[in-house]
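Chains, contacts and geometry: an overview
Listed below are the residues making up each chain.
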Amino acid sequence: MLNIEKTTNASELTVALAGRLDTTTAPELEKEIKASLDGVTALIIDMAALDYISSAGLRVLLSAQKTMNKQGEMKVVHVNETIMEIFEVTGFSDILTIE
Amino acid sequence: MIELKHLRKQYENATPLKDVNAVINDGDVISVIGPSGTGKSTLIRCINMLERPTGGQILLDGVDITAPKYDLTLARRRMGMVFQSFNLFGHLTVIENLMLAPMDILKKSKQEAYDTGMALLRRVGLAGREFQYPEQLSGGQKQRVAIARTLAMDPGVILLDEPTSALDPTMVGEVQAVIRDLAQSGKTMMIVTHEMNFARAICNRVFYMDEGGIYEDGTPEQIFDHPQKELTRRFIKKLKVLEFSVESRDYDFIGAGAEIDRYCMQNDIPPRTKYRIRLAFEEIVQQMLLPILGQTPIHAMLEYAPTEEQVTVTVAYGGERFDPAEGDNELSYTVLKRAVDGLTYSFDPEREAGNVVRVLIREKA
């Protein structure tokens, strides 16, 4: 299960995730982000309530990062310790801007 | 020598022994181990015919003791039995317990039976207790008397049915010491026990019992250090196993995840380790294999070894050789490889599910 909550503030989009970002839920997030990025210059992914991420989720983040590289910036915030470990061992902590 | 040939014991609702075959050589000290309810006690109770087998034969030095006309007292003279619950005669003193059978059955004189009895009491460390009654003794002392009583008949074979499992833990050591001494005496022994270190220390052979028979038979090194068969390995390593069959892309991925969560909770596996187990399962099965294999069944197995604080995830599948490292899902493979502590792939074309991916995850608090 993944809960996706979007908040727009001018050209800044915050996507708050709760639950699990895995093979079954990643396509949903990908669709939501794709549909909302027009005109967005700052994308914030809030992971405060995210428990799990697999390569399927990382792929969505990677794709969003590529898009945002062209039109602004992307930040990942409130990453829990376990997910941070996954970012670190996979090298994603170097690709993403994590705060 | 004792030969067991197609031994079977069937009760109305259970068949603990389906087809037991073994040769027990003179001087063998055999530990009989295995999960509860696998017929260990039934086996040794059948060997001295306390339980009559429902099929097969037991040959004692070539003589079939299961034959209808066989005089069982002959076999029982040669095979002593030590029970879990001592079974001493409560109305007789310790020395009388030891003298009874040698006088009645072996027709020894009272003096001879007394002298042998006293020597045996000294051997089991109970000199001075000869005129006490069993109720005046501790559990460990009672069991040592029971062992001395068995030895008083000078049997060639001694069968011990969980001799320390009814004892207070503080008394286990004294009884084990006596059994250890006995194991060096050259007598043939079979001991049913749950105490693996003890079993290993005293025996030259181990019978691992499961699935209605002697599932694996080997030296202590073979059985305890390098068990060859699956159920033996699980038992020795105290493995907790969870298995899945993934038949198609439509299998219940969420349900499988919930099962892994439950398995981790039951086995007290820390959350960080659980995360990696789920990740390994998802990356291998869901991300790398299912898109390629389609309808080829996948078998996944989690094995948690509490003593080694590690989990192994083994995924086996059929079809042509396919190493996930050579697939096109590089991201998934990288995530998997970096998140786990060991990753191997092997292929055996002789086996139905010849592709095997094995992942090792060490427990992290």
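Remember, predicted model here, so these are calculated numbers, not experimental data.

All names here are of chain A. Overall, mixed pairing links the four strands, which are arranged β1-β2-β3-β4 in an open sheet. Pairing within the sheet leaves two strands with one partner each, and these edge strands are β1 (2-9) and β4 (73-77). Across this sheet, the average inter-strand angle for adjacent strands is 15°, counted without regard to direction. The pairing of strand β3 (residues 42-53) with β4 spans five bridges and is classified as parallel. The residue bridging Ile 44 from the neighbouring strand is Lys 75, located in β4. Those strands touched by helix α2 (residues 55-71) are β2 (12-21), β3 and β4, and its axis lies near 175° from that of β3.

On to the interface of chain A and chain B, then. Facing the 13 residues of chain A at the interface are 17 residues of chain B. Sorting the residues of the side of chain A that touches chain B by element identifies α2 and α3 (81-90) of chain A as the ones contributing at least two each. The residue makeup of the side of chain A that touches chain B, split by class, is five nonpolar, six polar and two charged.

For the rest of this paragraph, the subject is the packing of helix α10 (residues 253-266) of chain B against helix α11 (residues 271-293) of chain B. Residues and elements named next belong to chain B. Packing of α10 against α11 brings their axes to within 10 Å, and their N-to-C directions diverge by 150°. The angle between α10 and α11 falls in the class roughly antiparallel. Helix-helix and strand crossings are classified by hand; for α10 and α11 the assignment is right-handed. Along the contact surface, α10 presents Phe 253, Gly 257, Ile 260, Asp 261 and Cys 264, while α11 presents Lys 274, Ile 277, Arg 278, Phe 281 and Gln 286. Of the residues contributing to the contact of α10 with α11, the split by class is five nonpolar, two polar and three charged.

This brings us to the environment of Gly 318 of chain B. All names here are of chain B. Relative to the assigned elements, Gly 318 resides in the loop between β13 (310-317) and α12 (330-339). Judged by local crowding, Gly 318 falls into the partly exposed class, with 15 C-beta atoms found within 10 Å. The sequence separation of Gly 318 and Phe 347 amounts to 29 residues, and the corresponding C-alpha distance is 9.6 Å. Residues contacting Gly 318, with those up to four places away along its chain left out, are Thr 296, Pro 297, Glu 352, Ala 353 and Gly 354.

Bringing the confidence of the model for chain B into the picture now. Confidence along chain B averages 92 in pLDDT terms, with 100% of residues attaining 70 or more. Both confidence scores are given for the complex: pTM 0.72, ipTM 0.93.

Moving on, we come to the domain arrangement of chain B. According to the domain assignment, chain B consists of domain 1 (2-233) and domain 2 (240-362). The C-alpha-based centres of domain 1 of chain B and domain 2 of chain B are spaced at 45 Å.

Let us look at the pairing of strand β1 (residues 2-9) of chain B. Summarising the sheet, β1 of chain B and strand β4 (residues 55-60) of chain B pair through five bridges and their orientation is antiparallel. Bridge pairing in β4 of chain B links Lys 5 of chain B to Gln 57 of chain B.

Of all eight residues that make up helix α1 (residues 40-47) of chain B, eight are buried, and the element is covered over most of its length. Taken residue by residue, α1 of chain B has Lys 40, Ser 41, Thr 42, Leu 43, Ile 44, Arg 45, Cys 46 and Ile 47 of chain B as its buried positions.

Before going further, it helps to spend a moment on the nonpolar core. Val 32, Leu 43, Ala 148, Leu 159, Leu 160 and Met 189 of chain B are the most contacted members of the largest nonpolar core, which has 61 residues in total. At six residues, the largest contribution of residues to this core is made by helix α5 (residues 139-152) of chain B. One finds Val 76 of chain A together with Leu 239, Leu 279 and Val 315 of chain B within the second-largest nonpolar core, a separate group that totals 58 residues.

The next point concerns the packing of α5 of chain B against helix α6 (residues 169-183) of chain B. Residues and elements named next belong to chain B. As a packed pair, α5 and α6 sit with axes 8 Å apart at the nearest point and diverge in direction by 15°. As summarised for this structure, α5 and α6 are arranged roughly parallel, according to the angle between their axes. Read as a crossing pair, α5 and α6 show a hand that is right-handed. Touching Gly 139, Gly 140, Gln 143, Arg 144 and Ile 147 of α5 are Met 171, Glu 174, Val 175 and Val 178, all from α6. Among the residues forming the contact of α5 with α6, the class breakdown is four nonpolar, three polar and two charged.

This paragraph deals with unusual backbone geometry. Trans is the prevailing form of peptide bonds, just as negative phi is the prevailing case for residues other than glycine. Residues and elements named next belong to chain B. A positive phi angle, near 50°, is found at His 6, a position not held by glycine. Checked against the element boundaries, His 6 lands in strand β1. One non-glycine residue, Phe 86, adopts positive backbone phi at about 65°. With respect to the element layout, Phe 86 can be found in the loop between β6 (79-82) and α3 (94-104).

Moving on, we come to the sheet that holds strand β11 (residues 240-246) of chain B. Residue and element names in this part refer to chain B. Overall, antiparallel pairing links the five strands, which are arranged β11-β12-β13-β15-β14 in an open sheet. Each edge of the open sheet is held by one strand with a lone partner, namely β11 and β14 (342-347). Each strand of the sheet is rotated relative to its neighbour by a mean of 15°, with strand direction disregarded. Relative to strand β12 (residues 298-305), β11 is paired through seven bridges, and the arrangement is antiparallel. Looking across to β12, one finds that Leu 242 is bridged to Leu 302. Lying on the sheet, α11 is in contact with β11, β12, β13 and β15 (355-362); it crosses β13 at an angle near 10°.

Rules of the game
Residues numbered from 1 in each chain as written. Chains lettered and ligands numbered in written order. Predicted model: local features only at pLDDT ≥ 70, side-chain atom pairs only at ≥ 80, totals over all residues. Pairing = 2+ DSSP bridges. Helix = DSSP H or I, 4+ residues; strand = E, 2+ residues; numbered from the N terminus. Axes fitted to C-alpha atoms, helices over the stretch in contact; angles between N-to-C directions. Contact = placed C-beta atoms within 7 Å. Nonpolar A, V, L, I, M, F, W, Y, C, P; charged D, E, K, R; others polar. Parallel < 35°, antiparallel > 145°, perpendicular 65-115°, else oblique. Left-handed = near helix turned anticlockwise from the far one by under 90°. Buried ≥ 20, exposed ≤ 12 C-beta atoms within 10 Å, placed from the backbone. pLDDT = per-residue confidence, 0-100. Domains from an automatic or database assignment. Core = buried A, V, L, I, M, F, W, Y, C linked by C-beta atoms within 7 Å.

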